[in-house]
Amino acid sequence: MSQTTQPPTVVISGTGLYTPQESISNAELVATFNQYVDLYNEDNKAAIEAGELEPLSYSSEEFIVKASGIESRYVMNKSGVLDPKRMHPFIAERSDEEQSVQCEIAVAAARDAMEQANKTADDIDAVIVACSNMQRAYPAMAIEVQDALGIKGFGFDMNVACSSATFGLQAAKDAILAGSARSVLVLNPEICSGHLAWEDRDCHFIFGDVCTAMIVERLETSTSADNWEILGSRLQTQFSNNIRNNFGFLNRCDESGVGARDKLFRQNGRKVFKEVVPMVAEMIVSHLSDEGIETDDLKRMWLHQANLGMNLLISKKVLGREATAEEAPVILNEYANTSSAGSVIAFHKYRQDMAAGEIGVICSFGAGYSAGSIIVKRH
Ligand code: CO8
């Protein structure tokens with residue numbers, strides 16, 4: 001007679017957050033942007049009057065809050081972004097012997113998560129750095145972080161844009177289940193300010209910088225006071241050009257494109273909104289149903305934080321009614337869109353009130369398109 005063994009219970013046993021010290025309000029952002037518009041229109045007066053160039057238009061605080069729900073964003077450097085003659089952060093290059101900026105913020109978030117999970121470097125076998133943009137091509141950011149923390153084992157980078165954290169979580173869970181690691185550190189160091197076109201009114205307000213961290217391990221190895229069992233994970237991708245950034249190592253092979261607008265983030269926000277909302281709502285509903293969970297039993301949705309209207313619509317489609325602020329917590333008002341880190345910030349900040357046995361979903365969506373749903377239960 002064959003005996004079936006239950007797969008081990010995999011948990012998120014700790015989370016960490018690094019928040020940059022500097023923050024930019026919509027009022028500050030718009031004031032700088034409008035000064036930039038005045039300078040641009042003055043510099044290009046002749047071409048604009050000759051009809052060869054379109055003048056730029058002002059941005060507005062009212063528009064930003066109404067269209068997105070964003071009120072401020074944290075950044076690694078404020079003075080560069082708020083200089084109308086510069087319009088991007090100052091982040092000094094460092095020598096090969098110094099710790100890189102992205103590694104530094106990842107280490108800060110990692111220490112926070114390790115403390116919460118009661119883990120030392122010796123307990124961890126793998127580091128995954130999962131985010132929208134890596135600071136360099138190689139060596140992998142994850143290997144630098146691994147070295148900085150004194151973790152043995154292995155590390156690798158992965159990029160699935162805004163869904164990097166959920167994809168990283170599934171990769172971590174799978175590594176634990178396969179036995180290739182006892183405990184995995186997943187990091188999302190998002191320095192979005194470095195690849196945002198601050199001169200473009202359509203998107204200059206959207207992004208902020210942050211880093212999140214998670215520890216994933218077996219329940220039986222956890223000594224944390226706060227364990228979240230991963231009941232199931234589901235990932236989905238569908239190719240779309242509606243969110244795109246063409247920055248890459250082949251750029252220099254065609255000088256005509258170097259520094260062109262397409263080498264920074266750009267999107268067709270309306271289309272993204274329309275196409276991604278139903279895709280994500282259907283994914284959560286079908287994932288819950290396949291796991292045998294009633295939507296009435298879903299206590300919380302830690303959704304990707306891109307747009308308030310989007311989150312209100314997704315949570316309404318999932319629940320069949322409007323979600324309360326507790327059911328779908330919002331952090332994008334303070335942090336803006338922090339790409340893959342958004343849903344993890346929400347999970348980090350808004351879970352302590354939940355009781356043992358209560359269920360929530362960490363959900364990401366963004367460029368690719370890519371979407372991820374991780375259903376968790378408080379242990
Ligand atoms: N101030 C005043 N007016 C403005 C501004 C502004 N700042 N910006 C645009 N307008 C104008 C437009 O020109 C337009 O005018 P008109 O009607 O005359 O043409 C009007 O306002 C309406 O503009 P939109 O249609 O663009 O406005 P929306 O209501 O659609 O709002 C949003 C725009 C907020 C972008 C919205 O569409 C949205 O949030 N969509 C969802 C996008 C989304 O979720 N994207 C996910 C991207 S994140 C991701 O995948 C990670 C990528 C990697 C990270 C990159 C880091 C840099």
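Above this text sits the structure in question.
Residues numbered from 1 in each chain as written. Predicted model: local features only at pLDDT ≥ 70, side-chain atom pairs only at ≥ 80, totals over all residues. Heavy atoms only, no water.

**Student:** What am I meant to see in the layout of surface pockets here?
**Tutor:** It is the rolling of a water-molecule-sized probe over the atoms that shows where space remains empty. The volume enclosed by the second largest pocket comes to roughly 1100 Å³. Elements with a contribution of two residues or more to the lining of the second largest pocket: helix 4 (101-117) and helix 5 (141-149). Classifying every residue of the lining of the second largest pocket gives 15 nonpolar, 10 polar and eight charged. (1 Å grid on protein atoms, 1.4 Å probe; cavity = no way out; pocket = protein on both sides within 12 Å on 5 of 7 lines; lining within 4 Å. Points joined across faces, edges and corners; volume = space filled by probe spheres on them. Helix = DSSP H or I, 4+ residues; strand = E, 2+ residues; numbered from the N terminus. Nonpolar A, V, L, I, M, F, W, Y, C, P; charged D, E, K, R; others polar.)

**Student:** Please clarify how the site of the ligand should be interpreted in this entry.
**Tutor:** Neighbouring residues of the ligand: 27 residues in total, closest Ser59, Cys162, Gln267, Asn307 and Ala367. Side-chain polar atom of Ser59 to a nitrogen atom of the ligand: 2.9 Å apart, as the coordinates give it. Interatomic distance of 2.8 Å between a side-chain N/O atom of Gln267 and a nitrogen atom of the ligand. Starting from 1200 Å² of accessible surface for the ligand in isolation, the protein chains cover 76%. The biggest single contributor to the shell around the ligand is helix 7 (residues 269-290), with three residues. (Near = heavy atom within 4 Å. Polar contact = N/O pair within 3.5 Å; in protein donor to acceptor, adjacent residues only side chain to side chain. Areas by Shrake-Rupley, 256 points an atom, 1.4 Å probe, with all protein chains shown as cover.)

**Student:** Sorry if this is basic, but what is going on with the nonpolar core here?
**Tutor:** The tendency in soluble globular proteins is for nonpolar side chains to be buried as a group. Counting 49 residues, the largest nonpolar core has Val280, Ile284, Ile314, Val318 and Phe365 as its most contacted members. Of all the secondary-structure elements, those providing two or more residues to this core are helix 1 (26-43), helix 7, strand 11 (298-303), helix 8 (308-319), strand 12 (359-366) and strand 13 (370-378). When residues of this core are assigned to their parent elements, the largest contribution, nine residues, is made by helix 7. Discounting residues that sit within four places of it in the chain, Val280 has contacts with Ile314, Cys363, Phe365 and Ala371. Judged by nonpolar contacts, the second largest core, of 35 residues, contains Ile345, Ile362, Ile374 and Val376. (Core = buried A, V, L, I, M, F, W, Y, C linked by side-chain atoms within 4.5 Å. Buried < 20%, exposed > 50% of the residue type's maximum accessible area, 1.4 Å probe, protein only. Contact = heavy atoms within 4.5 Å.)

**Student:** Explain the sheet that holds strand 4 (residues 126-130) to me, please; I cannot follow it from the model alone.
**Tutor:** Hydrogen bonds between backbone atoms are what pair the strands of a sheet, whose relative direction is either parallel or antiparallel. Judged by pairing direction, the sheet is mixed, and its nine strands sit side by side in the order 5-4-6-7-1-8-13-12-11 without closing on themselves. Here the strands that pair on one side only, and so sit at the sheet edges, are strand 5 (154-158) and strand 11. With direction set aside, neighbouring strand axes in the sheet form an average angle of 25°. Bridge count for strand 12 against strand 13 is eight bridges, and the pairing is antiparallel. Bridge pairing in strand 13 places Val361 opposite Ile375. (Pairing = 2+ DSSP bridges. Axes fitted to C-alpha atoms, helices over the stretch in contact; angles between N-to-C directions.)

**Student:** Just to check I follow, could you spell out empty space enclosed by the protein for this structure?
**Tutor:** Summed over all chains, the structure comprises one cavity of 30 Å³ or more. Taken as a whole, the largest cavity spans an internal volume of roughly 30 Å³. When the residues that make up the lining of the largest cavity are grouped by side-chain class, the tally is five nonpolar, two polar and no charged.

**Student:** For this particular structure, what's the right way to read the environment of Ser100?
**Tutor:** Residue position: Ser100 is located in the loop between strand 3 (72-75) and helix 4. Residues Ser100 and Met141, 41 residues apart in the sequence, show an inter-C-alpha distance of 8.6 Å. For Ser100, the residues in contact, after removing those within four places along its chain, are Arg94, Gln135, Arg136, Met141 and Glu144.

**Student:** Looking at this structure, I do not really get the environment of Lys349. What am I missing?
**Tutor:** Structurally, Lys349 is set in helix 10 (residues 342-349). Along the primary structure Lys349 and Asp112 are separated by 237 residues, whereas in three dimensions their C-alpha atoms are 13 Å apart.

**Student:** Honestly, the side chain of Asn26 in this entry has me stumped. Any pointers?
**Tutor:** Looking at where Asn26 falls in the secondary structure, it is placed in helix 1. Other than its neighbours up to four places away in sequence, Asn26 contacts Glu61, Ile64, Val65, Ile70, Glu71, Ser72 and Arg73.

**Student:** In this structure, what is going on with helix 1? I would like to understand it.
**Tutor:** Every α-helical turn comprises 3.6 residues, leaving residues that sit three or four positions apart pointing alike. Compared with the 26 Å implied by 1.5 Å per residue over 18 residues, the 25 Å span of helix 1 between its first and last C-alpha is a close match. Within the sequence span of helix 1, burial applies to Asn26, Leu29, Val30, Thr32, Phe33, Asn34, Tyr36, Val37 and Asn41. Its buried side turned inward, helix 1 meets strand 2 (22-25), helix 2 (45-49), helix 3 (61-68) and strand 3. (Expected span 1.5 Å × (residues − 1).)

**Student:** I keep staring at the packing of helix 4 against helix 5 and nothing clicks. Help me out?
**Tutor:** Each pair of packed helices gets described by two things: the angle between the helix axes and the distance between those axes. Where helix 4 contacts helix 5, the axes come no closer than 10 Å and their chain directions differ by 55°. Here helix 4 lies oblique to helix 5, going by the angle between them. In this structure, helix 4 meets helix 5 at a crossing whose hand is right-handed. Touching Gln102, Cys103, Ala106, Val107, Ala110, Arg111 and Met114 of helix 4 are Met141, Glu144, Val145, Ala148 and Leu149, all from helix 5. Each residue belonging to the contact of helix 4 with helix 5 can be placed in one class, and the counts come to nine nonpolar, one polar and two charged. (Parallel < 35°, antiparallel > 145°, perpendicular 65-115°, else oblique. Left-handed = near helix turned anticlockwise from the far one by under 90°.)

**Student:** Would you take a moment to explain the packing of helix 1 against helix 3 for this structure?
**Tutor:** Helix 3 packs onto helix 1 with a crossing angle of 125° between their chain directions and a minimal axis gap of 9 Å. When the axes of helix 1 and helix 3 are compared, the pair comes out oblique. Crossing angle aside, the handedness with which helix 1 passes helix 3 is right-handed. In this structure, helix 1 uses Asn26, Ala27 and Val30 to contact helix 3, whose residues at the interface are Glu61, Ile64 and Val65. Residues belonging to the contact of helix 1 with helix 3 are distributed by class as follows: four nonpolar, one polar and one charged.

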